[in-house]
Each structure stands twice: as structure tokens, then as C-alpha cells.
Amino acid sequence: MRIFGRKRRTEIPELTLVQVQESGKYNFFAALAKALLLFMLIYGALGGFLSAFEIEFNNGLCILVLFGLALLLSVVYETEKRWLSNLVIILLFIIYLYIAVSNYWVINSGYYAILNRFYEVARQYLNVDSGMEYSLAMEETYATVTMFALFLGMVGVILMNIMLQNKCSLLKVAALTLSFYVIPFYFDRSPDLIYILFLLTGYLAVAILQGGDVREKLTRQMSYVLPFAAVLVVLIVRIISFVLPENGYKSIIPKNAVKEASEENMTRFAQYGLMSMLRQGSVGAGVSGGRLNKNSAVMPSYETVLKVRYTPYDYKPVYLKAFTGKEYRGDLWTQADDELPDDGLMLSSVESRMKNYEDAAGGKGDGSSSVQGKGIMEIEKVDDSERYEYQPYYTAFGGSVKLPEEQGSPTYICLYFPDVSPVSGVVDEISDAYLEVPVSCRNAVQRVCDEAGFTGTEGEIAAQIVSYFDDNYSYTLRPGFYYGNPDYISHFLLESKRGYCAHFASAGTMLFRQMGIPARYVEGYAFSYYNILENGELVEGAEYSDYYDGYSPIGETALIEIEIPDAYAHAWVEIYVEDQGWIVVDPTPAQNSQGDDTTSFWQAFMSGSGESTVPEMSENNLGTYLEGALGGMSYVLLAAAVVFLIGLCTVYVIRAYKESRLPGRERVRLEYGRIQNYLGRKYRDYRKLRTLREQLDWMRGVRHLVIDEETEAALYQVYFAERVNFDCEELYRQLRRMRRRLSSCNIVYYILKS
């Protein structure tokens, strides 16, 4: 019969083992079976993920370490000494933190190497041209991926061990391991068969154990269940592969509507990572008109905003200018006027190139110019929201003509004289604003100039600034938030040292001004020679001579149409050089390495060899926005442990407070109930006792507790009498002392037995 005022727990956890002295000899094969189960589940999930993406790692080392860890946990647990199991887990946690801290860059690089491969597969599957690419601190991906696999596998083995000890639930086991296969299956990537067999064998073994309602001696059951599950899984897989080959399997699987609906989000994920799912704090791409935002990220949609038709004439990038920034106001640039002294259209520079073309061609315009070219570019606005008029550099004054909008999008025809050779004799009136460095960023700009030691001619200083940014700053579309109201340029130069083109162009403009070189901030669109080879299309029936005339560094090409997405929006700097006029300087590191390849246009374009000639697009290297995240995981875990301890103490204090408010009789029942639960978990024969007297006699005889008759009578009154005639608080304190003694005796007992 029940002797407690509240329901007493009479069941021990499913995986709590009976004590050694009661169960007989140690069963090593049971521990080995459980270790195999742990290993198969974790290694099958982790190895399957890596093999599905064809990521190489040291299989032998991973097998040795993960199985060794699983065997250690199982062997210790089979001793049924819970204090020893807890001690081993604590030691493993300390070792885990040490590995995380001491191998910071190795694990970090392995993590990013796996992400790079994932994004590469995702882009191939979704036909995305550009996207995520993380920079790696260590390039030895075989070693770093192996280290990360061990790092993650250790966590998995420990978690799976705890999960199986508490409850043998197939649903929980699958939730922890099958999630590794979701992403590969989404992209039609199949893990190697051996990993699938490991995972299915583990699932079947867990299902059998769960279906059999195994609550005691579970590890001993595994030694019989696991071999049976392995044989059965192999037979089932072989039968299925014989009856239904892989091609047949794919043919009967219908196209998943949910998957189709998710492809748009997955495309953004392949381009921008997890932040694409959390668009808060991000802004779209495109020309901002000089407005500098403090949001955490720029997230292009890759929607086409312009269509450009022109004849390629050089290996250098093409810049379509839209906005010229004059004065810096902390969070925006004011727009320069087109007329002198602002000269947003660079009239003198255009006139010099026009004169060079006419002089070299004898004024005939017959293509005989050997120093200057003349081209026509058609720019169609696909996106009606684009409010700016885009022009290639050195467009003739009045040379941009808007065609009648009879049908389709607005289109502008631009007559321009490209920068294919140097000019001289340019004389301009320069606005004083182009030398002004505002007080808000003056200290930061001066500090950088002093530290870098810029010196020399305008060209030499420009090269030094570009090199300085490339060596000391990181390009990312996710520079992160910065709070308060710090200056945009100062924060970038001295604190974050990471950003996108607007950061580099704004800071670069001020560095030039500090060095006495007139400079201004510019926004527009930019596309490279490689973009033409990858995405350009030949316009049939167009004559080259109708669109280009004169000197071209790469020779005669053809009329090409290229779609310009919002991701091609860019910011750069114009500096004024005496005798040469305004010239472009692009300080953003991601752009500096482009334009060096001199592959023949026709060879690259017509042969489709653009893939082999195009280097990896560093402009999409967004790895720095998560720099240090994985390596800092140890500190996160340590902080979590501290929070857990604080929470545990808080729960204890609240519980103690609530107990103190209970009537004395209820507190006695509660404390004695804890003693019963404790002894019930430790001793199976104690759970068979049905009366209070039997329980107290057992405590006196087995655990050698001194319980006098007065205490026994007081307990009977608590449970069975209507009133009590003794001090309940004193009895409560006696029971607490009794429980502490039982716990301490248990520890001493285990130590002596060991």
C-alpha cells in the first residue's frame, strides 16, 4: 500500500543498471555492443554527410578516436558506478574545451572548408553563378576537416550516450543523426553505402530495444540485438538494390512541391548563408545615391536591373557611373554638380580623349586611330525603380540619348571614348571640397596615413592605399552592426576593418584627401571582363564597326549583351591627377586581382573555356562575417556551463523558499519521499517493501542507520494520524541528516568496493 502523501517514483530510468554486487560478473561484451551502437549512429551520420559532398578526411583516425571514446563511455557505464561515469564525462568535457581552444584555427578552417564545399554544391545544383566563399586561415583542408569531424563527433558520441542512458527513443536518435542527411538529400547527393548501413543498423537496433520495452540490462540486450540488426539491414538493402536500382528509384519519386517552393530561399542561402533567412538588419543592393547605412549586411536579390550592349575593348573592368559624391556628412555623401568646379561629367577629360581620337584618325573617324577608340553603348533600364542615368566613363557631353519608349524598358545610347590609352594636357578647376577631410573622421584618417607612411606621386600613393587595404582589411557584405553613433569612416578604419565597397571607397576618398590629392566618392555598376565571358551573349546580326571604332587593346570583338544584376552595384574613387584629369581608383580588395588575364576574347568566348580561365571570384568572399565563430565555441560552452550553474542554484533557492512556506507535516512527507526515491533507485529489493516499518527496519539492517522508536512513531503520526504532537521541524531536520548520511555512505561504499 502507499504510505506517502504524494505519488512516489518506483521506476528507475530505463538505462540505469543494477549494482555490480547484485548483477554478477562484469559483462565486457555488453559494453562493446553499446560502444558499437554509439559509433555506428554518430559515424554513420557524420561520415555520410562528408562523403555525400565528396569531402576527404582521415577515416582511420576518426574511427579510432570516436570508437575509442564510445568504448570508454560504455565500459565505464557498465561498471554501474554512476559517480565514475559522471567523473569521466566531466573530464571529457574539460578535454573537449582544451581541444577547442588549443586548435582554434584548425577547427575554424575545417568548418569553413566544409561550408565552402556545401556552397559550391548548392550553386551547381541551383545554377547560381556566385555566392558564399569563405577565406581559410589554414589551407590544408584534409587535416582541418578531419579535426573538425573529430570535434563534432566527440560531441555527438557524448550526447548519444546520454540520450541512450535516459531513454531508448528512436525518434530522438533519428532527430540527432538523420539531420545530417537532410541537406545532401535535398541536393540529390548520396552518402556512401557503408555509412547508410551503419545508420540503418543503429536505427533498427534502437527500434527493437524500444519496441521490446527494455528497461533493465539494456546493454546486455544490445549484444544480441546489434548483430541481428546488422544482418537484417544488409539483407534488406541488398534486396532493395537488386529489385530497384538507383535510376529506378529516382524515376518513381515524384517531384516534391515543397522542395520547389523552397528553392528560392535555398538560392539565397547558397549565396549569403544563414543571414539570408534573417533579413533583419540587412539592406538590398543597388545604387544608394551616397547614403551610407549602418546595417549588418547587404543582401542583393540578383535581379536584373540593367541590360548593357557594347563591344568589349579592354581586359579592365567597365564602370557605369551614376552618382558622384562631393561632401561627406557622416552617413551620406552630397552629390556633385555636373558643371565646373565640381565637374561631375569630367568634361575636360572627355574633350582630351575626343581630341586624341580625332587627331589620330585625321579627323575622319574611319577607325585609323592607333591611340584612342570611340564606342557606342546601349544601356536598357530593366528595373523601373532605377532613378539614375548610367553612363560609361568619358561619355561625350550630350552623347547620352534616350530612345523613344515605344515598347520595352527605357534605353539610353551613349557615345563614349574609353580609357584605352593615357592622355595629357588636361587642365581643370578643382573644387576645394575635394580636399576637405571633416572633423568627424580626421583623427582616424590622419592616424592611418601616419601608420602606413604613404608617400610619392599620385599613382604611387594610389597603389600604396590599394595595397594597404588589401593587406589589413577584409571584404565582406556582412560587416555587422555598430551601435551608438560612431563615424562611418572612423569605425571602419580603426575598429571593424571589414566592410564592402562603400566602406573602402569612402575611407579611400578621405585618405587621398589627407595626402593632398583631390578625390571624390562614386557609385554605379561595375562588371569585369570575366563577367562578359561567363554571362555575356553575342548579339546576332550586329556589325562591330557600328559600335566601335579606333584603337582597342584586345582587338576586334563583337557586340555583346550582358544582364547587370543589383549585385554588380559598386562604389569606387576618382582622384585628380595633374595633366591627366580624373581617373578611377578602386580600393576595394575584392576587385584588385581582376583584369590581368589576356586570354583572347574569341578563344575564351566561343570555346566556352571561360570556366578554366576565370579565377575564383574573390568578390564574393564573405567568410569574415563569421570569423572566429567556431573557435569561440569553447567560450560559449563555458558561458553556458556558468549559466547552467547559476540556473541550478536559482532553482535550488526557489525550491527551498517554497518548501519553507509549506506546513511542517508536508515538509516531513516531502523529505521522507526523497529518501524513498533515492533508495528505490539504488536498491531493487527496497522497492518491494510495502510498509513503513519494513522500510525503517531495512534502513537499520542494511544501511546501519540509527532510527529510534520515537522517530518511527513520529513518522507514523505524519502519515496516518489526524494530528501530530511533536515538533515537525525537528523531524524534518533529522530526515535531512539521514538523507545526507545515506548519500555519503553510498560514496564511501563505492570507493571501498573499487
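Residues numbered from 1 in each chain as written. Predicted model: local features only at pLDDT ≥ 70, side-chain atom pairs only at ≥ 80, totals over all residues. Heavy atoms only, no water.

## Concerning the overall build of the chain
No. 1: When you go through the chain residue by residue, the secondary structure sums to 26 helices and 17 strands.
No. 2: The contacts in the chain between residues at least 6 apart in sequence include a share of 77% that link residues at least 24 apart.
No. 3: As displayed, the chain offers around 36,700 Å² of accessible surface, 56% of which is attributable to carbon and sulfur atoms. (Helix = DSSP H or I, 4+ residues; strand = E, 2+ residues; numbered from the N terminus. Contact = heavy atoms within 4.5 Å. Areas by Shrake-Rupley, 256 points an atom, 1.4 Å probe, with all protein chains shown as cover.)

## Topic: unusual backbone geometry
No. 1: Leu 340 connects to Pro 341 through a cis peptide bond whose omega is 5°.
No. 2: Among the secondary structure elements, Pro 341 is positioned in the loop between β5 (333-335) and α13 (347-360).
No. 3: In this structure, Glu 54 takes a positive phi of about 55° despite not being glycine.
No. 4: Secondary-structure assignment places Glu 54 in the loop between α2 (28-52) and α3 (59-78).
No. 5: Here Glu 54 falls in the exposed class, since its relative accessible area comes to 59%.
No. 6: Although it is not a glycine, Tyr 394 sits at a positive phi angle of roughly 60°.
No. 7: Assignment of secondary structure puts Tyr 394 in the loop between β7 (391-392) and β8 (395-402). (Buried < 20%, exposed > 50% of the residue type's maximum accessible area, 1.4 Å probe, protein only.)

## Focus on the packing of aromatic side chains
No. 1: Inspection of the entire model under this criterion finds 45 aromatic pairs.
No. 2: With a centroid separation of 5.2 Å and 0° between ring planes, the pair formed by Trp 333 and Tyr 521 is classed as stacked. Linking Trp 333 in strand β5 with Tyr 521 in strand β12 (residues 519-527), this pair joins segments that are 188 residues apart in sequence.
No. 3: Note on Tyr 521: relative accessible area 1%, which makes it buried.
No. 4: Put simply, the rings of Phe 49, Phe 53, Phe 118, Tyr 119, Tyr 125, Phe 180, Tyr 186 and Phe 187 pair up and form one aromatic cluster.
No. 5: If you follow Arg 520 out to its NZ or CZ, it ends over the ring of Trp 582, 3.8 Å from the centre. (Phe/Tyr/Trp six-rings, centres within 6.5 Å; stacked < 30°, edge-to-face > 60°. Lys NZ or Arg CZ within 6 Å of the ring centre and 35° of its normal.)

## A closer look at the pattern of salt bridges
No. 1: Summed over the entire model, instances satisfying the criterion amount to 22 salt bridges.
No. 2: A salt bridge links Arg 117 to Glu 54, with the shortest nitrogen-to-oxygen separation between them at 3.5 Å. In this pair, Arg 117 is assigned in helix α5 (residues 104-126) and Glu 54 in the loop between α2 and α3, connecting sequence segments 63 residues apart.
No. 3: Arg 447 is the salt-bridge partner of Glu 451, the closest N and O atoms lying 3.3 Å from each other. (Salt bridge = Lys/Arg side-chain N within 4 Å of Asp/Glu carboxyl O.)

## Topic: the nonpolar core
Here is a general trend for soluble globular proteins: nonpolar side chains tend to be buried in one another's company.
No. 1: Residues Leu 320, Phe 469, Leu 493, Phe 512, Tyr 525 and Phe 527 are the most contacted members of the largest nonpolar core, which totals 68 residues.
No. 2: Looking at which element gives the most residues to this core, the answer is helix α17 (residues 501-514), with eight residues.
No. 3: Setting aside residues up to four positions removed in sequence, Leu 493 forms contacts with Ala 444, Val 445, Val 448, Phe 469, Tyr 473 and Ala 507.
No. 4: Leu 73, Val 88, Tyr 112 and Leu 115 belong to the second-largest nonpolar core, a separate cluster that totals 66 residues. (Core = buried A, V, L, I, M, F, W, Y, C linked by side-chain atoms within 4.5 Å.)

## Quick look at helix α15 (residues 458-472)
An α-helical turn contains 3.6 residues, so any two residues separated by three or four positions project in the same direction.
No. 1: Over its 15 residues, α15 runs 21 Å from end to end, which matches the ideal 21 Å to within 8%, given 1.5 Å per residue.
No. 2: For α15, every residue scored as buried is listed here: Ile 461, Ala 462, Ile 465, Val 466, Tyr 468 and Phe 469. One face of α15 carries all of its buried residues, which in axial projection span an arc of 160°. (Expected span 1.5 Å × (residues − 1). Arc of directions from axis to C-beta.)

## Structural notes on the packing of α2 against helix α8 (residues 179-186)
No. 1: Relative to each other, α2 and α8 sit at 20°, their axes nearing to 8 Å. Classified by the interaxial angle, the pair formed by α2 and α8 is roughly parallel. Classified by chirality, the crossing of α8 by α2 is left-handed. Where α2 approaches α8, its residues Gly 44, Ala 45, Leu 46, Gly 48, Phe 49 and Ala 52 are matched on the opposing element by Phe 180, Tyr 181 and Pro 184.
No. 2: Among the residues making up the contact of α2 with α8, the classes are represented as seven nonpolar, two polar and no charged. (Axes fitted to C-alpha atoms, helices over the stretch in contact; angles between N-to-C directions. Parallel < 35°, antiparallel > 145°, perpendicular 65-115°, else oblique. Left-handed = near helix turned anticlockwise from the far one by under 90°. Nonpolar A, V, L, I, M, F, W, Y, C, P; charged D, E, K, R; others polar.)

## Looking at a nonpolar patch on the surface
No. 1: Taken together, the side chains of Trp 83, Leu 87, Ile 90, Leu 91, Phe 93 and Ile 94 make up a nonpolar region of the molecular surface, amounting to roughly 540 Å² of accessible area.
No. 2: Following the sequence through the fold, Leu 91 ends up in helix α4 (residues 82-102). (Patch = residues over 30% accessible without salt bridge, like charges linked within 9 Å, V, L, I, M, F, W, Y side chains within 5 Å.)

## A closer look at the confidence of the model for the chain
No. 1: Looking at the chain, the pLDDT average stands at 77 and 74% of residues meet or exceed 70.
No. 2: This stretch, residues 363-367, has a pLDDT under 50; its non-local contacts, to residues over four places away or in other chains, come to nine contacts.
No. 3: Taken together, the stretch residues 746-754 has pLDDT below 50 and engages in 13 contacts with residues farther than four places along the chain or on a different chain. (pLDDT = per-residue confidence, 0-100.)

## Considerations on the environment of Leu 204
No. 1: In this structure, Leu 204 sits in helix α9 (residues 193-211).
No. 2: Considering only alpha carbons, one finds Leu 204 and Val 233, 29 residues apart in sequence, at a separation of 7.8 Å.
No. 3: Excluding residues that lie within four positions of it along the chain, Leu 204 makes contacts with Ala 229, Leu 232 and Val 233.

## A closer look at the pairing of strand β3 (residues 304-310)
No. 1: Most of β3 is tucked away, with five of its seven residues classed as buried.
No. 2: The pairing of β3 with strand β6 (residues 373-381) spans four bridges and is classified as antiparallel. Paired with Val 308 across the bridge in β6 is Ile 379. (Pairing = 2+ DSSP bridges.)

## Comments concerning the environment of Asn 86
No. 1: Its location among the elements puts Asn 86 in helix α4.
No. 2: When its relative accessible area of 44% is taken as the criterion, Asn 86 is described as partly exposed.
No. 3: Expressed as a C-alpha distance, the spacing of Asn 86 and Leu 73, which sit 13 residues apart in the sequence, is 10.0 Å.

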